[in-house]
Amino acid sequence: MNELENFPNDLHKKNKHVKITTTVVNICLRLNQMKTTDEMILKNLGCLKLSKYEAKVYLCLLRTGRSYGNEVSKLSGVPGPKVYETLSKLVEKGLAYPIESSPIMYQPLPLEEFIESKQKEITGVTTFLRINRENIETVETQQLFWQLNGKEALLQKAKDLIRKSKDCIMVSLWQDEATELSNDLEIAHLRGVNILSVQYGETECTVGQVFKHIMVPSVHKRHGSEMFLLVDSVEGMFMYFEASTGWTGYHTSSLGLVRVIENYLRHDIYLNRVIQENYELMKKQYGENFNGLLDL
């Protein structure tokens, strides 16, 4: 990123001497500030092949230690007619054990044992796939382009890209998306990744180098909800919202499209920096809302 060398020294500064212990402590403190909700727990249990009811019942058993079926129904919210069916399924999966009593009680497989079994299962699957990669992937895929729909899926893709970043992240985004991604951006910054962001509206993420986008009426019309993200100059994505279609976005590793995203973000930084540093002069030249500059 040679063009950035012309910026003031503070633009390309990053702390490359963060001690490992400090990094770990900061990350842990940040993560501890995130409130864990039952919804988050159930969602993650669902990722481990538990149905909605199975996750609720297993979580209930983990919290009570052991319970009767009717107690599980009351505490978990699983309907009575379904709770015993669900308990039977958990017993089949080895996640619950019946205790001889009248009526029968159930106790859970300890969470740590469940996690270990899943780790072994996943490791076995991924090892098999890697060993047999040549028989599975016969053609190397390069420079791909994917369409994604739905805000949750798009933000998850953005988080995945940020988490595997190694060198530099450039991003242009609004307040809501900045709030969603701020934790992952901060953790990446603590790893030594250089963060450059252009932010619309209130600044929700202060990590790295932040550039404020000018806020005039035409900005909302032209760029409302848009987000651009570039990671290590090798992958990028773009997302936006339309009332008729909802959230839509694109993720790419195409070198040509990645270059377009990078150049767009660079020039957005250049333009907004020039405007912010010469605001009164620019306003006098182009008008209160910069129509003389923006209306082509």
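Bear in mind the structure is a predicted one, so any value in this text is a computation, not a measurement.

This part takes up the nonpolar core. When a protein is soluble and globular, its nonpolar side chains tend to lie buried together. In this structure, Ile169, Leu181, Leu185, Met227, Leu229 and Met237 are the most contacted members of the largest nonpolar core, which totals 23 residues. Contributing elements (two or more residues each) for this core: α8 (151–163), β5 (168–173), α9 (175–190), β8 (227–231) and β9 (235–242). Looking at this core element by element, the count peaks at five residues for α8. Among residues more than four places away in sequence, those in contact with Leu229 are Ala158, Leu161, Ile162, Ile169, Met170, Val171, Glu235, Gly236, Met237 and Ile261.

Okay, helix α11 (residues 255–277) next. Look at α11: 33 Å from first C-alpha to last across 23 residues, which is about the 33 Å you get at 1.5 Å a residue. Within the span of α11, buried status applies to Val258, Ile261, Glu262, Leu265, Arg266, Asp268, Ile269, Tyr270, Asn272, Arg273 and Ile275.

This next bit is on the pairing of strand β2 (residues 96–99). Direction of pairing for β2 relative to strand β3 (residues 105–108): antiparallel, over a ladder of four bridges. What sits directly across from Tyr97, in β3, is Gln107. Here β2 folds back onto β3, and the loop between the two strands holds five residues.

Next up on the list: the confidence of the model for the chain. Counting all residues, the mean pLDDT for the chain is 83, and 84% of those residues have values of 70 or more. Counted against residues more than four places away or in other chains, residues 1–21, with its pLDDT under 50, gives 29 contacts.

Let us look at the sheet that holds strand β1 (residues 67–68). Read from one edge to the other, the open sheet built from three strands follows the order β1-β3-β2, with strand pairing classed as antiparallel. A single partner strand is all that each edge strand has here, and the edge strands are β1 and β2. With two bridges joining them, β1 and β3 adopt antiparallel strand pairing. Looking at the pairing, Tyr68 lines up with Met105 of β3.

For the rest of this paragraph, the subject is the packing of aromatic side chains. Within this structure, the stated rule accounts for seven aromatic pairs. Ring plane angle 10° and centroid distance 5.3 Å describe the contact between Phe145 and Tyr250, whose orientation is recorded as stacked. Taken together, the positions of Phe145 in strand β4 (residues 145–149) and Tyr250 in strand β10 (residues 246–252) put the pair 105 residues apart, joining distant regions of the chain. The rings of Phe228, Phe238, Tyr240 and Tyr264 are connected pair by pair, giving a single aromatic cluster.

On the surface, Val125, Phe128, Leu129 and Ile136 cluster together into a nonpolar patch covering about 390 Å² of accessible area. Of the residues forming the nonpolar patch, the biggest block, three residues, is contributed by helix α6 (residues 111–131). Within the fold, Leu129 resides in helix α6.

This part takes up the pattern of salt bridges. A full pass over the atoms with the stated rule returns 12 salt bridges. Ionic pairing is found between Lys49 and Glu121, a salt bridge with its closest N-O pair at 3.5 Å. In this pair, Lys49 sits in the loop between α2 (38–46) and α3 (52–64) while Glu121 sits in helix α6, placing the two residues 72 residues apart along the sequence. Here Lys93 makes a salt bridge to Glu54, at a shortest N to O gap of 2.8 Å. Of this pair, Lys93 sits in the loop between α5 (80–92) and β2 while Glu54 sits in helix α3, placing them 39 residues apart in sequence. Here Lys93 falls in the partly exposed class, since its relative accessible area comes to 44%. Each of the salt bridges in this network shares a partner with another, and the network as a whole consists of Lys49, Lys118 and Glu121.

Here the focus is the sheet that holds β5. Ordered in space as β4-β10-β9-β8-β5-β6-β7, the seven strands form an open sheet in which the pairing is mixed. Two strands close off the open sheet at either side, each with one partner strand: β4 and β7 (209–212). Strand-to-strand, the axes of this sheet are offset by a mean angle of 10°, without reference to chain direction. By the bridge criterion, seven bridges tie β9 to β10 in an arrangement that is antiparallel. When the sheet's bridge partners are listed, Tyr240 is paired in β10 with Thr248. The sheet strands contacting α8 are β4, β5, β8, β9 and β10, and the helix crosses β9 at an angle near 160°. Across the sheet, α11 lies against β4, β5, β6 (194–199), β7, β8, β9 and β10, angled at about 115° from β8, the strand it touches most.

Rules behind the numbers
- Residues numbered from 1 in each chain as written.
- Predicted model: local features only at pLDDT ≥ 70, side-chain atom pairs only at ≥ 80, totals over all residues.
- Heavy atoms only, no water.
- Core = buried A, V, L, I, M, F, W, Y, C linked by side-chain atoms within 4.5 Å.
- Buried < 20%, exposed > 50% of the residue type's maximum accessible area, 1.4 Å probe, protein only.
- Helix = DSSP H or I, 4+ residues; strand = E, 2+ residues; numbered from the N terminus.
- Contact = heavy atoms within 4.5 Å.
- Expected span 1.5 Å × (residues − 1).
- Pairing = 2+ DSSP bridges.
- pLDDT = per-residue confidence, 0-100.
- Phe/Tyr/Trp six-rings, centres within 6.5 Å; stacked < 30°, edge-to-face > 60°.
- Patch = residues over 30% accessible without salt bridge, like charges linked within 9 Å, V, L, I, M, F, W, Y side chains within 5 Å.
- Areas by Shrake-Rupley, 256 points an atom, 1.4 Å probe, with all protein chains shown as cover.
- Salt bridge = Lys/Arg side-chain N within 4 Å of Asp/Glu carboxyl O.
- Axes fitted to C-alpha atoms, helices over the stretch in contact; angles between N-to-C directions.

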